[in-house]
Amino acid sequence: MGVPLTRPADRALARPRRRLPAAVAALAALLAVGAGVLVGLATPAPRPADAPADRFSAERAYRHVKVIAARPHVAGSAANDQVREHLVGVLRGLGLETEVQDTVAPEAGQLSGAAGGATLARVRNVVARLPGTASTGRVFLVAHYDSVQSGPGGNDDGAGTASILEVARALAAGPRPRNDIVFVLTDAEEACLCGASAFAAGHPLAAGGGVVLNLEARGSTGPVIMFETSRNNAKLVDVFGRAAPHPVGTSFAVEIYRALPNDTDFTAFLDHDFVGLNSAYIDGAAVYHTPLDTPAALDRGSLQMHGDNALGLAREFGRTDLSDLRSGHDATYFPVPGGLIRYPGWLTLPLALAALLAVGALGWLLVRRGRATAGRLAAGFGLSLVPIVVAPLGAWLLWAAITAIRPGYAGLLDPYRPVWYRLAVLALAAAVLLTWYALARRRVGPAALAFGGLAWLALLGVLLAAEVPGGAYLATLPALAGALAGLAALATRLDGPWPVVAVTLAGAVAVVVLLPSVVLLFPALGMAMGGVAALFAVLLGLAALPVVDLLHPQAGGQRGLVALRARRLGALPATATALAAVVLAGVGLAVDRFDAAHPVPSHLMYALDTDTGEAEWISHEDHPQPWTAGYAFGHSPESVWWFFPAVGGADESVWTAPAPAADLPAPAVEVLSDTTAAGERTLRVRLVPQRSVRLVSLHVDAATAEVKRAEVAGRAVPVGKQPTADEALSHRWGLGIVFHAPPPEGIEITLTVVPRAERVSLRAMDASDGLDGIPGFRPRPAAVGVAGSHTSDLLAVARTYPI
């Protein structure tokens, strides 16, 4: 017996007799589920200052934020000293054992400085302990109290620091926990993660490790996301899911963050074999590291969420046996309304294969029941790739067009008011999907296209299970639910209600699984990578294609004017969403204009070479804004790094312009001893800043010496692979030492070198913040702001010392 032909009217998985009511009911159900997902991602209402003593109050914490972020307080500054005194006073006032760890520490992981070598800092960490009654380990609540030089750090990390103070108050006011709770407020995170490195590597309380809860912020609003964990995290995630009142986090975020070069204080603890969780809120990133990161910019709902979660987790880990929190695997997890779904990571691949088999079974049954032919299934599979590719590309082109109109967006992580643009990208993704579906549906049929979308999801699930297992659920679960729904629909009457119920339930699974990632990817990656969110939006649409099909007239069976009218009705959703994308983008451009409250970012530095008496203006902007372009910049691919190695990279292209020379002293290099033995020369020098600066650096000219060993402030530092004599002709610098928060008396450096010239050439540089008073500097207009960069408004002075 041959396979029956596919009648046009039978090409759908659901063909209810009352199509319009079914479509309305299905869409209403999915919208309700989506609303529940969004509510689950919302921040809680901030509690007032008179909240019960055992509860976290955002208003109480906010009082600390106003003190901490009253002004920029970079490590080593007088303003940072004042913040530290406030922290110590508050913690001692709670009756906690409190100390200041004052030491010199290297960058976490001994990462290299700007031109290769070592980065260190003098740090002063604030450490307090709440002793446990029968401790099985220690719980560490960590945040950094220093800010960048360009902003007061109301969110980054005034919010985290203030949250810990309020959590400490709540814990101290209640019964003592079983385990020790240690509050670690680190210094010099913005410079080099050196405070966290100092504590994790050298503080007695860090001996033996423990559980770290790190609190961060990379924006000013939005839900607090638990975005990073230590490895083998299943037990930690289980505690997070049951103890955090607002458990927003995904294993996909953990996988992505592990692959990125970003670091927080959490990195330093992972380097020393601690376990733990890293959390931050990330929306509103336009203010990140800028003067606009003030207490007033902080969303107190985000602050409340930070504190609620930190307090809940501290209490739970405080009573948990901490002797064995490592499991043999990572968990897969994601948020759902009211909680956190989690399952063992070892299930990832079996589930992915089950989804693939279920989709295969659906395809076989579609052919067997005459709903499609093998050729149509193949066509549906091939055509389903079109929206997967076109929607992200369209989102990228849309943002390219917007940034061409408003080039200042290139200097921002995200626009000040990004919602309209995000909605435009989603509308564009919907338009692509609906246009594709309207065109392909008549030729291939709804069932074949539904199969094609599920097949791509299943294949993606298998690929992710193999390469990025924490993200496999995003494709596997919608594919499995869709395939099972299709099989259920085929087992019932096509024109009855149950097929609609089945495909709606599958669509609800897709919404629950994929919508959080769509929402969270926008602030995580910024509008420049909005195409990633568009991709996940299309995957959601593919998973819900049988519901989408209900928006269209019944497949096949029409002729003449009736068919024409049906095609026009089918084109309406695509036309409406395409128009919406254009309108929303236009509204975004109209609403999100640069002004005094939302300034266009600009980047400018000043660098003085006292050897020649010449100075330069320097900008890292891709395309200088009118204000920076006024300095008559020209493109310079290497001059900055060649003469100022601590503020640029060898492959970093910048804009430069001649600047008037200011009367500023370079740091001094004092030779303390100079000895030679067995062909090696040992120089002991003191690098002394001659003005109030944020950092000093010393670089060895590789053409004059090869560095074999080095010590800074009595601490051995790695020298790494040094350039050969031939390489030194194009790669000027060998060892580079960058020291943040230097003491006024300077730092002692010992270099053991093999000379390549009669004199060893050392390049000394220091850097301070602020360009006011520099000849030729013009104050920014009100609508021009400072870019969120560690080198914004940096003033560098350098000198070469042949020794």
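Residues numbered from 1 in each chain as written. Predicted model: local features only at pLDDT ≥ 70, side-chain atom pairs only at ≥ 80, totals over all residues. Heavy atoms only, no water.

Let us now look at the overall build of the chain. When helices and strands are counted, the chain shows 22 helices and 24 strands. Compactness check: the chain gives a C-alpha radius of gyration of 30 Å against a globular reference of 28 Å for 803 residues, within 12% of the reference. Seen along its three principal axes, the alpha-carbon backbone of the chain occupies a region of about 100 × 65 × 55 Å. Here the chain, with 803 residues, has 59% of them falling under the buried criterion. Pairs at least 24 apart in sequence give 82% of the contacts found in the chain among residues at least 6 apart. Entry remark: accessible area of the chain is about 30600 Å², with carbon and sulfur atoms responsible for 61%. (Helix = DSSP H or I, 4+ residues; strand = E, 2+ residues; numbered from the N terminus. Rg over C-alpha atoms; globule rule 2.2 N^0.38 Å. Buried < 20%, exposed > 50% of the residue type's maximum accessible area, 1.4 Å probe, protein only. Contact = heavy atoms within 4.5 Å. Areas by Shrake-Rupley, 256 points an atom, 1.4 Å probe, with all protein chains shown as cover.)

Okay, the sheet that holds strand 19 (residues 715–716) next. Spatially, the 5 strands line up as an open sheet ordered 15-16-21-18-19, and their pairing is antiparallel. Each of the sheet's edge strands pairs with one partner strand only, and the pair in question is strand 15 (668–677) and strand 19. Bridge count between strand 15 and strand 16 (residues 680–688): 9 bridges; the pairing is antiparallel. The residue of strand 16 that forms the bridge with Val669 is Leu687. (Pairing = 2+ DSSP bridges.)

The next point concerns the packing of aromatic side chains. The full count for this structure, using the stated rule, is 18 aromatic pairs. Judged by centre distance (5.7 Å) and plane angle (80°), the rings of Tyr409 and Tyr421 are edge-to-face. Here Tyr409 is found in the loop between helix 13 (385–405) and helix 14 (419–444), whereas its partner Tyr421 is found in helix 14, with 12 residues between them in sequence. Through pairs of rings, three or more aromatic residues link up here, namely Trp399, Tyr409, Tyr416, Tyr421 and Phe594. When the ring centre of Tyr62 is taken as reference, the NZ or CZ atom of Arg300 above it lies at 3.6 Å. A cation sits over an aromatic face here: Arg778 above Tyr631, 4.1 Å from the ring centre. (Phe/Tyr/Trp six-rings, centres within 6.5 Å; stacked < 30°, edge-to-face > 60°. Lys NZ or Arg CZ within 6 Å of the ring centre and 35° of its normal.)

Formed by 145 residues in total, the largest nonpolar core has its most connected members in Leu141, Phe183, Leu185, Leu313 and Phe317. Excluding residues within four positions of it along the chain, Leu141 makes contact with Ile164, Val167, Ile181, Val182, Phe183, Val184, Leu213, Ala310 and Ala314. Within the second largest apolar cluster, 29 residues are counted, among which are Val669, Val685, Val717 and Val719. (Core = buried A, V, L, I, M, F, W, Y, C linked by side-chain atoms within 4.5 Å.)

This part takes up the state of the cysteines. Using the criterion set out here, one finds 1 disulfide in the structure. Shown here is the disulfide that connects Cys192 with Cys194, its sulfur atoms set 2.0 Å apart. Disulfide Cys192-Cys194: torsion about the S-S bond near -130°, hence left-handed. In this structure, Cys192 and Cys194 share a single accessibility class: buried. (Disulfide = S-S within 2.5 Å.)

Summarising the model, the chain shows a mean pLDDT of 92, and 93% of its residues fall at 70 or more. Contacts of residues 110–115 to residues separated by more than four positions or lying in other chains number 19 contacts, the stretch itself having pLDDT below 50. Low pLDDT (under 50) marks residues 555–560, which in the prediction has 9 contacts with non-local residues, meaning those over four places away or in another chain. (pLDDT = per-residue confidence, 0-100.)

Along the chain, the position of Phe274 falls in the loop between helix 9 (265–271) and strand 7 (275–283). Sequence-wise, Phe274 and Phe739 are 465 residues apart; in three dimensions their C-alpha atoms are separated by 26 Å.

A few words now on the pattern of salt bridges. If you walk through the whole model with that rule in mind, you get 33 salt bridges. Notably, a salt bridge pairs Glu97 with Arg129, separated by 3.0 Å at the nearest N-O pair. Separated by 32 residues along the polypeptide, Glu97 in strand 1 (residues 97–106) and Arg129 in strand 2 (residues 117–130) bring together distant segments of the chain. Under the relative-accessibility criterion, Glu97 is labelled partly exposed at 42%. (Salt bridge = Lys/Arg side-chain N within 4 Å of Asp/Glu carboxyl O.)

Before going further, it helps to spend a moment on a nonpolar patch on the surface. On the surface, Leu383, Leu385, Val386, Val389 and Val390 cluster together to form a nonpolar patch covering roughly 340 Å² of accessible area. The topology assignment puts Val389 in helix 13. In this structure Val389 comes out as partly exposed when scored by relative accessible area, which is 47%. (Patch = residues over 30% accessible without salt bridge, like charges linked within 9 Å, V, L, I, M, F, W, Y side chains within 5 Å.)

Here we take up the environment of Glu107. With respect to the helices, strands and loops of the structure, Glu107 is situated in the loop between strand 1 and strand 2. You can call Glu107 buried: its relative accessible area is 14%.

A few words on helix 7 (residues 234–243). Within helix 7, 7 of the 10 residues are buried, leaving the element largely enclosed by the surrounding structure. Looking only at helix 7, the buried set comprises Ala234, Leu236, Val237, Val239, Phe240, Gly241 and Ala243. The secondary structure elements touched by the buried residues of helix 7 are strand 5 (211–217), strand 6 (221–229), strand 7, helix 10 (300–319), strand 8 (331–336) and strand 9 (339–344).

Okay, the side chain of Arg732 next. One can find Arg732 in the loop between strand 19 and strand 20 (733–740). Arg732 sits in the buried class, given a relative accessible area of 14%. Here the side chain of Arg732 touches Asp701 through a polar contact of 3.5 Å, side chain to side chain. Setting aside residues no more than four positions away along its own chain, Arg732 makes contact with Trp641, Trp642, Phe643, Val700, Asp701, Ala702 and Ala703. (Polar contact = N/O pair within 3.5 Å; in protein donor to acceptor, adjacent residues only side chain to side chain.)

Once that is clear, we can look at the packing of helix 11 (residues 348–368) against helix 16 (residues 473–490). For the pair helix 11 and helix 16, interaxial distance at closest approach is 8 Å and the crossing angle is 30°. Our classification of the angle between helix 11 and helix 16 gives roughly parallel. Helix 11 and helix 16 meet at a crossing whose hand is left-handed. Where helix 11 abuts helix 16, its residues Leu351, Ala352, Ala354, Ala355, Ala358, Val359, Ala361, Leu362, Leu365 and Leu366 lie against Thr476, Ala479, Leu480, Ala483, Gly486, Leu487 and Leu490. Partitioned by chemical class, the residues of the contact of helix 11 with helix 16 number 15 nonpolar, 2 polar and no charged. (Axes fitted to C-alpha atoms, helices over the stretch in contact; angles between N-to-C directions. Parallel < 35°, antiparallel > 145°, perpendicular 65-115°, else oblique. Left-handed = near helix turned anticlockwise from the far one by under 90°. Nonpolar A, V, L, I, M, F, W, Y, C, P; charged D, E, K, R; others polar.)

Let's shift gears to unusual backbone geometry. Cis geometry marks the peptide bond from Asp156 to Asp157; its omega dihedral reads 0°. Mapped onto the elements, Asp157 comes out in the loop between strand 3 (138–144) and helix 4 (158–172). A positive phi angle, near 60°, is found at Ala188, a position not held by glycine. Within the secondary structure, Ala188 is located in the loop between strand 4 (180–186) and helix 5 (189–192). With a phi angle near 65°, His289 is a residue other than glycine that sits in the positive phi range. Inspection of the secondary structure puts His289 in the loop between strand 7 and helix 10. Residue classification places His289 among the buried residues on the basis of a relative accessible area of 6%.

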